[in-house]
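# Fold and contact review
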Amino acid sequence: MPIKHPNLQLTRLTDAVPTWAGVIAAEYLPEICQQVRDGGGRLVALWGSDARQQRGCDTLSAEPTDCGSNRDAPPPAPEGCAPPCQGRSFVLHVTLINETGLVCLHVPLAEAHPHYPDISHFFPAAARMQRATYDLLGLHPLEASDHRKWLRHGAWHGGSFPLRKDFDAAASRIDEADDYPFVHVAGQGVHEIAVGPVHAGIIEPGHFRFSVIGERILRLEERLGYVHKGIEKRFESMSLLQGAKLAGRVSGDSTVAYAWAYAMAAESIAGITPPDRALWLRALLLERERIANHLGDLGYLGNDVALSFGFAQFWILKEQVLRHNATLFGHRYLMDSIVPGGVAVQLDAAGKQLIEQECLMLQREVAVLRGIYEEHAGVQDRFIGAGRVEPKLAAQLGLCGLAGRASAQAWDARVQFACAPYDKLDVRMATYRNGDVAARVIVRFDELFESLRLIGQILVNLIHEEGATRALEKLPANGFGIGMVEGWRGEVMVAIHTDAQGNLARVHPHDPSWQNWPVLEHAIIDNIVPDFPLINKSFNLSYSGQDL
Amino acid sequence: MYQILKQIVKTGIKTETPPQSDESLRLLEQRLQQDILDVFGGALAIRMVDAGSCNGCELEIHAVNNAYYNLEGMGIKFVASPRHADLLLVTGPVSRHMEVALKRTYDAVPEPKLVVAIGECACDGGIFSPAGGGESYATCGKVANVIPVDVAVPGCPPTPVAILQGILTAIRAA
């Protein structure tokens, strides 16, 4: 059992990664958070759901509900664990992780003024998640230090909450300028540089407010939420298979990771395990996604320090990987390749051979380029020491994924919670402790070579057999499941709640960028403005994934 | 330096022949005169705006700059300010939070200007919008709901070749 508390009864979910779930009263939430944090654990995700129309847990009401255009939707009755039936209205969900596995706490909240104790002093990363949960559902963290809006700008008014089942889009509509109270830095010689939302490059939109003295950055404040397009609300009107397509488009660069996490959550609810061959193929796709993204980033990191040679070379390699993806799997970025229940792609002997040759080519070429990067004095001068996040700070703020591993945070879901087929692969985790741009570059190189090695092993295990996998089309009623996959950026989590009809009542996709964006604000302190693009790129965080 | 030069020589030239323009992608009638198009065709400046995409289309727009498609080799380049741009490349369903920013960016581009919408979402709202290019509490749907669009390139995401085709169609006479 991952955590012990007298008022918490945990039930093991049938998940590919070790996961437990349980119901806990809001008053005990801080104790549990403290216990997990003191034991070296972290916060993975925090979200809420509207369960006001839940009629009861054991009887399925067949009568139509009177909720206007919204579908009837009573969410979480976590499998096996006693759901909070009485006074059931809103539920806060908090997923924590420690060395044993994932724990999802369901915290029932009162219908009138739903509130819960702030947990951001245990996990600073919770702050923005709590603010977003307020914007979307009106769940209020008591005594939190920051009550500013986060995902809401000026498109709907503050008293209406889009993820409530009775949300009326037309009546809530406003058109006002986004008036956001940035923190001002005062003092002699301090001035502000406002950047975005439209950036000077091919990047997603977001606003950065720098307070600087000369070139030196005193403070950076991020304002995100510009690409909020109502993804979570969209899920609620979709079938399981449509939802798989949407999950693959939460963040286009991590489509495999999201689709797999979504499938894993669905399979957990249905209590099925996909065929071995499908799992091996998923791992192959995930590692190919990692390789393509790392190649692209390594190219851009060279470009950002004026070595355009690096961009040209790495993007030639990336293009070759993408073209092979298109030839073998029908999509350059592998979208829609993974479906709940299995995979929608095949790989024959000729395809395996093509991948083997590609891996040999990449091994050879990337080794040459790594040598050039490492010996290039100009490149190393810009990389080393830029945007440093000390391991201590990284641990405190919960930095995760690739950036976390470059600051000695040894978490990799493929290692600690190796779901099939990673349990047969013995992944070698890449960690460094310098926490600067150079460390994040080294981690990318190491992971790239590791992925090539893993692909070699995957191909050996991928036995050729005909017969398509059967896609899962419908889920059991009142289910709850979680999937977590180590994407190239970090751990991607998807939670699914089904209603009394087995439809999607609530889907919450969680991007590791939630944890890492706030850390970028610290990484940039005392660096100079011209190094910001480089440092930002070395994290390469998702806007769409966190804006939802 | 020797290693870099050696690698460049070894890599050789990867650039492929660019695609032809495709009239079926055009939404608005070509408004520019041939002589202006000749000037644009020789040196076009593009400002890219992500108005709410999932970042998939951006990956392919990056790829247009790689050695295989070599956009800059055709005299077409991405610029940092809309005031330097002749053409806007817009992705995504337009999120309500980006609506004002997109309109302002459009207004900042000097006349004559062109707009190319990139990707399924930019063409009809895509998977993020209710059926029929519809709006939701968070999105305005397709780009044409917010600013005039000359050429629309479908695909999720469109391939670099399709993106090139879209751009070339916008600057060729009908």
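Time to look at the environment of Gln188(A). As for its position among the elements, Gln188(A) is in the loop between helix H3 (169–172) and strand S8 (191–195). For Gln188(A) and Gly401(A), which are 213 residues apart along the polypeptide, the C-alpha to C-alpha distance reads 39 Å.

A few words on unusual backbone geometry. Of note, the amide linkage connecting Glu111(B) to Pro112(B) takes the cis form, showing an omega dihedral of -5 degrees. Locating Pro112(B) in the fold gives a position in the loop between helix H4 (99–108) and strand S4 (114–118). Following Cys156(B), the chain continues to Pro157(B) via a peptide bond in cis, the omega torsion being -15 degrees. You can see Pro157(B) is positioned in the loop between strand S5 (151–153) and helix H6 (160–170). Although it is not a glycine, Asp526(A) sits at a positive phi angle of roughly 75 degrees. Within the secondary structure, Asp526(A) sits in the loop between helix H15 (513–523) and helix H16 (532–539).

Residues and elements named next belong to chain A. The interhelical angle for the contact between helix H7 (residues 276–304) and H16, taken along N-to-C directions, is 170 degrees, at an axis separation of 9 Å. Classified by the angle their axes make, H7 and H16 are roughly antiparallel. Between H7 and H16, the residues in contact are Asp-297, Tyr-300, Leu-301 and Asp-304 and Pro-533, Leu-534, Lys-537 and Ser-538, respectively. Tallied by class, the residues present in the contact of H7 with H16 amount to four nonpolar, one polar and three charged.

Our focus in this paragraph is the sheet that holds strand S1 (residues 11–12) of chain A. All names here are of chain A. Spatially, the five strands line up as an open sheet ordered S1-S2-S5-S4-S3, and their pairing is mixed. Single-partner strands in this sheet number two, and they are S1 and strand S3 (42–50). Pairing between S1 and strand S2 (residues 19–23): two bridges, direction antiparallel. Its bridge partner being in S2, Thr-11 is matched across the sheet by Ala-21. Sheet contacts for helix H2 (residues 126–137): S3 and strand S4 (90–97); angle to S3, the most-contacted strand, approximately 5 degrees.

This part is about the sheet that holds strand S2 (residues 76–78) of chain B. Working definition: the strands of a sheet are paired by backbone hydrogen bonds and lie parallel or antiparallel to each other. All names here are of chain B. Ordered in space as S2-S1-S3-S4-S5, the five strands form an open sheet in which the pairing is parallel. The sheet is open, and its two edges are formed by S2 and S5, each paired on a single side. With direction set aside, neighbouring strand axes in the sheet form an average angle of 25 degrees. Two elements, strand S1 (residues 44–50) and S2, share three bridges in a ladder whose sense is parallel.

It is worth spelling out the interface of chain B and chain A at this point. It is common to give the size of an interface as the accessible area lost on bringing the parts into contact. Taken together, the contacts link 40 residues of chain B with 42 residues of chain A. Contributions of two or more residues to the side of chain B that touches chain A are made by helix H1 (2–11), S1, helix H3 (56–64) and H4 of chain B. At six residues, the largest contribution of residues to the side of chain B that touches chain A is made by H3(B). Of the residues contributing to the side of chain B that touches chain A, the split by class is 20 nonpolar, 16 polar and four charged.

With that settled, consider the domain arrangement of chain A. Assigned domains within chain A: domain 1 (11–184) and domain 2 (274–471). Listed by partner, the interface residues are 10 residues for domain 1 of chain A and seven residues for domain 2 of chain A.

Looking now at the nonpolar core. Counting 220 residues, the largest nonpolar core has Ala261(A), Val90(B), Val116(B) and Ala117(B) as the members making the most contacts within it. Two domains each provide a minimum of three residues to this core, namely domain 1 (11–184) and domain 2 (274–471) of chain A. When near neighbours in sequence (up to four residues on either side) are disregarded, Ala261(A) contacts Gly483(A), Met484(A), Val485(A), Val492(A), Met493(A) and Val494(A).

So, about the packing of helix H5 (residues 240–247) of chain A against helix H6 (residues 255–270) of chain A. Residues and elements named next belong to chain A. Look at H5 against H6: their axes get within 8 Å of each other, and the N-to-C directions meet at 150 degrees. In this view, H5 runs roughly antiparallel relative to H6, as classed from their interaxial angle. By crossing handedness, the relation of H5 to H6 is classed as right-handed. Contact with H5, carried on its side by Leu-240, Gly-243, Ala-244 and Ala-247, involves Tyr-258, Ala-259, Tyr-262, Ala-263 and Ala-266 of H6 and no other residues of that element. Grouping the amino acids of the contact of H5 with H6 by side-chain chemistry returns eight nonpolar, one polar and no charged.

With that out of the way, let us pick up the environment of Gln313(A). Secondary-structure assignment places Gln313(A) in helix H8 (residues 308–329). Classification of Gln313(A) by C-beta neighbours within 10 Å gives buried; the count is 25. Between the C-alpha atom of Gln313(A) and that of Gly302(A), which follows or precedes it by 11 residues, the distance is 9.9 Å. Setting aside anything within four residues of it in sequence, one finds Gln313(A) in contact with Leu369(A), Gln7(B) and Thr11(B).

What counts and what doesn't
- Residues numbered from 1 in each chain as written.
- Chains lettered and ligands numbered in written order.
- Predicted model: local features only at pLDDT ≥ 70, side-chain atom pairs only at ≥ 80, totals over all residues.
- Helix = DSSP H or I, 4+ residues; strand = E, 2+ residues; numbered from the N terminus.
- Axes fitted to C-alpha atoms, helices over the stretch in contact; angles between N-to-C directions.
- Parallel < 35°, antiparallel > 145°, perpendicular 65-115°, else oblique.
- Contact = placed C-beta atoms within 7 Å.
- Nonpolar A, V, L, I, M, F, W, Y, C, P; charged D, E, K, R; others polar.
- Pairing = 2+ DSSP bridges.
- Domains from an automatic or database assignment.
- Core = buried A, V, L, I, M, F, W, Y, C linked by C-beta atoms within 7 Å.
- Buried ≥ 20, exposed ≤ 12 C-beta atoms within 10 Å, placed from the backbone.
- Left-handed = near helix turned anticlockwise from the far one by under 90°.

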